[in-house]
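Breakdown of the fold
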Amino acid sequence: MTFKIHTFGCKVNIYESEYIINIMEEHGYKLLNNDESPDIYIINTCTVTNEADKKDRKLIHQVRELNKDSILIVMGCYSQLNQNSIDADIIIGNKYKSKIIDLIEEYKKNKKKINRVEDISNTTFEDMYINRFVNHTRAFVKIQDGCNAFCSYCTIPYARGGLRSKDPDTVIKEVTSLVEVGYKEIILTGIHTGRYGIDKHTNLETLLKELIKIPYIFRIRLSSIEINEITDGIINLIKDSNIIAKHLHIPIQSGSNIILKNMNRKYDKEFFISKVNKIKEIIPDISITTDLIVGFPGEGEDEFLETIDSVHQIGFTKIHTFPYSKRNGTVAASMKNQVDGNIKKCRVRKIIDISDTYEEEYYKSKIGYTYNGIIETRKDGKKVVITSNYIPVIVNTNLENNCVVDVIIERVNNKEVFGKIK
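Overview of the structure. (Residues numbered from 1 in each chain as written. Predicted model: local features only at pLDDT ≥ 70, side-chain atom pairs only at ≥ 80, totals over all residues. Heavy atoms only, no water.)

Another point: the sheet that holds strand β16 (residues 383-387). Taken in spatial order, the five strands close into a barrel running β15-β16-β17-β19-β18, and their pairing is mixed. Strand after strand, the sheet turns through a mean of 55° between neighbouring axes, direction not considered. Helix α12 (residues 341-364) rests against β17 (392-395), β18 (404-413) and β19 (416-421) of the sheet, and its axis sits at about 125° to β18. (Pairing = 2+ DSSP bridges. Helix = DSSP H or I, 4+ residues; strand = E, 2+ residues; numbered from the N terminus. Axes fitted to C-alpha atoms, helices over the stretch in contact; angles between N-to-C directions. Contact = heavy atoms within 4.5 Å.)

See below:
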């Protein structure tokens, strides 16, 4: 039987979809990459914003209309929170994705709708293990799931459940096997990666110290980490090791103290700025990117200007900015002083302009520098070298993906970086 899979959302979802591709193919199912209607259509959903929900619903409807004879499977975060409104043959939340083969066989036998969405507030880690990636040059390894932070705007703790971690020996084994089959860069990912190991009497720093010992590993990259979870040990590991990427994605979400408090974030702007300055002082070449929400309830012009001032003090390489999305069931949804949608759009544009300026400046500051990295082919067909500090350098080469090369940065044009392989 044939299947297709569409993935929305974060790197954790990407990892889980790749896992599903692995086990589907191991059981004789064939992945389709053309316009044919498959026997099975899988949608791995996201629910981080209202816009994400809208995309989920739209694709579910389209697939139902255009693939009437296909078995439709909808899984993931949107499924976990909206199971009763989904028109699909098999609905899976965030617990039984690893049981997808059994659920398909059950449906084929009984032809009855299956709903496997259960309470995940206190569940265990669902082990998944990957030894190859169909759609990616770099390999993802999911080391952690769930979140206990309960930021006031966020539904993810309800969709993903509580903190839980993959056993460290299993992580080491999985990373080792990926390196042995040829993957050069490993991206460690999770819902709250910086809290890895608290349920296993270990931590992220200890795990990193073990992973850099793996023979022939070229690079380890952290997908995202909170500012108050970056220990001195992690900073020194990044500084001293050529293996851990000199790039950190640290979500700030707001640069206003009153907004940070109302968001239930666990730091203030002074702590964030001080910690980033310390990181930059110890690792001068590091690239620091972030996530930022604008238009949170109560964010007036003064709070927005305070955020802009904080952003200027920090000097991020790039800012991923989002308008606040009101999510039913969260604390922020019932807050007063909700911000007008047009004001949110205007503020998003202002932050994007600031981000574009900083990104261009960072790239131009690296002209003449030589970095090593792996070759990837972008969707537009261009070959790029991804450097340790996460600069995608466009190169003219016939070398294959996953080759490690040295590249010198020659010029920057409108945030596109061009270089030459040495």
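On we go from here.
With respect to burial, strand β13 (residues 287-294) is a largely interior element, eight of its eight residues being buried. When strand β12 (residues 247-249) meets β13, the two strands line up parallel, connected through three bridges. In the strand pairing of β13, His247 is matched with Ser287. In this sheet, strand β14 (residues 318-323) lies alongside β13 in parallel orientation, the contact comprising six bridges. Paired with Ile293 across the two strands is Phe322, which belongs to β14. Chirality of the crossover, the property in question, places the unit of β13, helix α11 (residues 301-314) and β14 among those that are right-handed. (Buried < 20%, exposed > 50% of the residue type's maximum accessible area, 1.4 Å probe, protein only. Right-handed = clockwise from strand over helix to strand, strands pointing away.)

Looking now at helix α1 (residues 11-26). The terminal C-alpha atoms of α1, which comprises 16 residues, lie 23 Å apart, in line with the 22 Å expected from a rise of 1.5 Å per residue. Counting buried residues in α1 gives 12 out of 16 residues, a clear majority hidden from the surface. Burial in α1 covers these residues: Val12, Asn13, Tyr15, Glu16, Ser17, Glu18, Tyr19, Ile20, Ile21, Asn22, Ile23 and Met24. Note on α1: the residue one or two positions beyond its end, Gly28, has a positive phi of about 90°. (Expected span 1.5 Å × (residues − 1).)

With that out of the way, let us pick up the nonpolar core. Counting residues in each nonpolar core, the largest one holds 80 residues, and the members touching the most others are Ile42, Ile73, Ile100 and Ile186. Setting aside its immediate chain neighbours within four residues, Ile42 contacts Phe3, Lys4, Ile5, His6, Ile20, Met24, Ile73, Met75 and Ile100. Core analysis: the second largest hydrophobic core is formed by 15 residues, Phe8, Cys46, Val63 and Tyr78 among them. (Core = buried A, V, L, I, M, F, W, Y, C linked by side-chain atoms within 4.5 Å.)

As a further point, take the sheet that holds β12. Taken in spatial order, the three strands of this open sheet run β12-β13-β14, and their pairing is parallel. What marks the edges here is a single partner per strand, and that holds for β12 and β14. Pairs of neighbouring strands in the sheet enclose a mean axial angle of 15°, with direction left out of account.

Our focus in this paragraph is the packing of aromatic side chains. A full pass over the atoms with the stated rule returns nine aromatic pairs. When the centroid spacing of 6.4 Å and the interplanar angle of 85° are considered together, the rings of Tyr153 and Phe296 count as edge-to-face. Of the two residues, Tyr153 is situated in the loop between β8 (144-145) and α5 (156-160) and Phe296 in the loop between β13 and α11; the sequence distance between them amounts to 143 residues. Across this residue pair, the class does not change: Tyr153 and Phe296 are buried. Ring geometry for Phe272 against Phe316: centres 6.1 Å apart, planes inclined by 65°, an arrangement best described as edge-to-face. Taken together, the residues span a long stretch of sequence, with Phe272 in helix α10 (residues 269-282) and Phe316 in the loop between α11 and β14 at a distance of 44 residues. Joined through ring pairs, the aromatic side chains of Phe133, Phe140 and Tyr183 make up one cluster. Cation over ring: Lys366 sits above Tyr369, and NZ or CZ is 5.2 Å from the ring centre. Taking NZ or CZ as reference, Arg411 lies 4.0 Å from the ring centre of Phe418, over its face. (Phe/Tyr/Trp six-rings, centres within 6.5 Å; stacked < 30°, edge-to-face > 60°. Lys NZ or Arg CZ within 6 Å of the ring centre and 35° of its normal.)

Moving on to a nonpolar patch on the surface. Together, Leu81, Phe150 and Tyr158 make up an exposed nonpolar region whose accessible area comes to about 280 Å². Considering the arrangement of structural elements, one finds Leu81 in helix α3 (residues 77-82). (Patch = residues over 30% accessible without salt bridge, like charges linked within 9 Å, V, L, I, M, F, W, Y side chains within 5 Å. Areas by Shrake-Rupley, 256 points an atom, 1.4 Å probe, with all protein chains shown as cover. Salt bridge = Lys/Arg side-chain N within 4 Å of Asp/Glu carboxyl O.)

Attention now goes to the state of the cysteines. Working definition of a disulfide: a covalent bond connecting the sulfur atoms of two cysteines. Applying the stated rule across the entire model yields zero disulfides. In this structure Cys147 is not part of a disulfide, and its nearest cysteine sulfur, from Cys151, lies 6.4 Å away. On the basis of relative accessibility, which here comes to 12%, the residue Cys147 falls in the buried class. For the unlinked cysteine Cys154, the closest cysteine sulfur is that of Cys151, found at 6.2 Å. The class of Cys154 is buried, set by a relative accessible area of 18%. (Disulfide = S-S within 2.5 Å.)

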